[in-house]
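Fold and contact review
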Amino acid sequence: MYNLLKGKKGIIFGALDERSIAWKVAERAHEEGAEFVLTNMPAAVRMGQLNELAEQTGSEIVAANATSVEDIENLMTRTKEIFGGKIDFILHSIGMSMNVRKGRKYTDVDYNYFLKTVDISALSFHKVMQLAMKQDVMNDWGSIVALTYSAAQRVFPNYNDMAEAKAMLESVARSFGYHFGEKKKVRVNTVSQSPTETTAGSKVDSFGNFVAYADAMSPLGNASAVDCANYCLALFSDLTKYVTMQNLYHDGGFSSTGMSEEAMVKVGEGILK
Ligand SMILES: NC(=O)c1ccc[n+]([C@@H]2O[C@H](COP(=O)([O-])OP(=O)(O)OC[C@H]3O[C@@H](n4cnc5c(N)ncnc54)[C@H](O)[C@@H]3O)[C@@H](O)[C@H]2O)c1
């Protein structure tokens, strides 16, 4: 351990169970000396698993639906009370599509679901930052990170309306990053992670094949959730103070690879068709 986040305080959205990327971020941030508030939807908090993580990391839990301005307002107020002051980092690790959950194809989406996808998975990031700015929650030189996927740039047919949500999420990071940087020197970035076996990830149709294909196509292989957590920590640390408004790939090289030898061999062997 490097004490990379010693003295830093934050909010971590989206730890559901121990497979969650946010869960790994919380565990690693704790090991690196950070203190934080854990938050998730009231229904997810009621499930109770988050209590384990809170106990393990000495954190408080504040329930908030990230689509509700009122809930986020309350979360920011409570966080300032808990720490007796401002914070240094926020992780947005939230994604959900009812179209994916209900098996609606991209060409046959339900538009109410589509709006919900965008509200939960993208607009919530704007809401979090708007409230953090209005309530002056962030210390100068703080860092805000959201998790995304490269379906924002390229087509992955089963990713459905989450592709549009991720494109908007990345755009919000750039636009808000400009304003937060000007006002408070706060940096805002998105991390574009390899497919990872989590609750949200495994909802994508044929997810196992998706993971295997990405692994074969990435010179370093797929990045794990713990490695993603480590990258987020680096972005919360003072070692990355001038990185902002970026979409940063954490995918073992997948996004820059047209074809890999491993994938070619597997196609030849009939393993990948
Ligand atoms: N798993 C992957 O393959 C993968 C790849 C790239 C990016 N991501 C992104 O990583 C992030 C975290 O996902 P994960 O894979 O750890 O899965 P996960 O299911 O563990 O986390 C998703 C979280 O979003 C929360 N959430 C959903 N609706 C919410 C709402 N209205 N308010 C507050 N929280 C809400 C859930 O309760 C859950 O904790 C998501 O943004 C996801 O799109 C995942």
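Preceding block: the structure.
What counts, and at which threshold
Residues numbered from 1 in each chain as written. Predicted model: local features only at pLDDT ≥ 70, side-chain atom pairs only at ≥ 80, totals over all residues. Helix = DSSP H or I, 4+ residues; strand = E, 2+ residues; numbered from the N terminus. Rg over C-alpha atoms; globule rule 2.2 N^0.38 Å. Buried ≥ 20, exposed ≤ 12 C-beta atoms within 10 Å, placed from the backbone. Contact = placed C-beta atoms within 7 Å. Near = placed C-beta within 6 Å. Right-handed = clockwise from strand over helix to strand, strands pointing away. Pairing = 2+ DSSP bridges. Axes fitted to C-alpha atoms, helices over the stretch in contact; angles between N-to-C directions. Parallel < 35°, antiparallel > 145°, perpendicular 65-115°, else oblique. Left-handed = near helix turned anticlockwise from the far one by under 90°. Core = buried A, V, L, I, M, F, W, Y, C linked by C-beta atoms within 7 Å.

Comments concerning the overall build of the chain
Looking only at helices and strands, one finds 10 helices and 7 strands in the chain. Here the chain has a C-alpha radius of gyration of 18 Å; the compact-globule value for 273 residues is 19 Å, and the two agree. Principal-axis analysis of the C-alpha atoms gives the chain an extent of 60 × 45 × 40 Å. Counting all 273 residues of the chain, 45% fall into the buried class. Considering only residue pairs separated by 6 or more positions, the chain has 73% of its internal contacts joining residues 24 or more positions apart.

Here we look at the site of the ligand
As a matter of local geometry, the ligand sits amid 26 residues, with Leu16, Ser20, Gly95, Ala200 and Gly201 nearest to it. Elements represented by at least two residues in the shell around the ligand include exactly α1 (21–31) and β5 (138–148).

Considerations on the pairing of strand β1 (residues 9–13)
Counting buried positions along β1 gives 5 out of 5 residues, so the element sits mostly inside the fold. Burial along β1 is two-sided: Lys9, Ile11 and Phe13 and Gly10 and Ile12, pointing in opposite directions, are all buried. Traced from β1 through α1 to strand β2 (residues 35–39), the parallel crossover comes out right-handed. Note that β1 and strand β4 (residues 87–92) share 3 bridges and pair parallel. The partner of glycine 10 across the bridge, within β4, is phenylalanine 89.

Quick look at unusual backbone geometry
Residues other than glycine seldom take positive phi values, yet lysine 185 does so here, at roughly 60°. Checked against the element boundaries, lysine 185 lands in the loop between α7 (162–184) and β6 (187–193). With 15 C-beta atoms packed within 10 Å, lysine 185 lands in the partly exposed category. A positive phi angle, near 60°, is found at methionine 245, a position not held by glycine. Mapped onto the elements of the fold, methionine 245 is located in the loop between α9 (225–236) and β7 (247–250).

Here's the deal with the sheet that holds β6
Strands sit in the order β3-β2-β1-β4-β5-β6-β7 across an open sheet of 7 strands; the sheet is parallel. Edge positions in the sheet fall to β3 (60–61) and β7, since each of these pairs with one other strand and no more. Of the pairings in the sheet, the one linking β2 to β3 comprises 2 bridges and is parallel in character. In the strand pairing of β3, valine 37 is matched with glutamate 60. Where α1 meets the sheet, its contacts fall on β1, β2, β4, β5 and β6, and the angle it forms with β1 comes to roughly 160°.

Quick look at the packing of α1 against α9
The N-to-C vectors of α1 and α9 enclose an angle of 55°; their axes lie 8 Å apart at closest approach. In this view, α1 runs oblique relative to α9, as classed from their interaxial angle. Crossing geometry of α1 relative to α9 is assigned as right-handed. On α9, the residues that touch Ile21, Lys24, Val25, Arg28 and Ala29 of α1 are Ala225, Val226, Cys228, Ala229, Asn230, Cys232 and Leu233.

Regarding the pairing of β5
Within β5, 8 of the 11 residues are buried, which leaves the element mostly enclosed by the surrounding structure. The parallel pair β5 and β6 is bridged by α7, and the resulting crossover is right-handed.

Regarding the nonpolar core
In this structure, Ile12, Ala15, Ala22, Val25, Ala26, Leu91 and Cys232 are the most contacted members of the largest nonpolar core, which totals 66 residues. Ranked by residue count, the leading element in this core is α7, at 8 residues. Aside from chain neighbours lying at most four places away, what touches alanine 15 is Ser20, Ala22, Trp23, Ala26, Leu38, Asn40, Leu50 and Leu53. In this structure, Ala214, Met217, Phe254 and Ala263 belong to the second largest nonpolar core, which totals 5 residues.

A few points about the environment of isoleucine 87
Along the polypeptide, isoleucine 87 turns up in strand β4. Given 23 C-beta atoms within 10 Å, isoleucine 87 falls into the buried group.

Considerations on the environment of phenylalanine 114
As for its position among the elements, phenylalanine 114 is in helix α6 (residues 111–134). Through-space distance from the C-alpha of phenylalanine 114 to that of valine 100 is 9.9 Å; in sequence the pair is 14 residues apart. Residues contacting phenylalanine 114, with those up to four places away along its chain left out, are Asn99, Val109 and Asp161.

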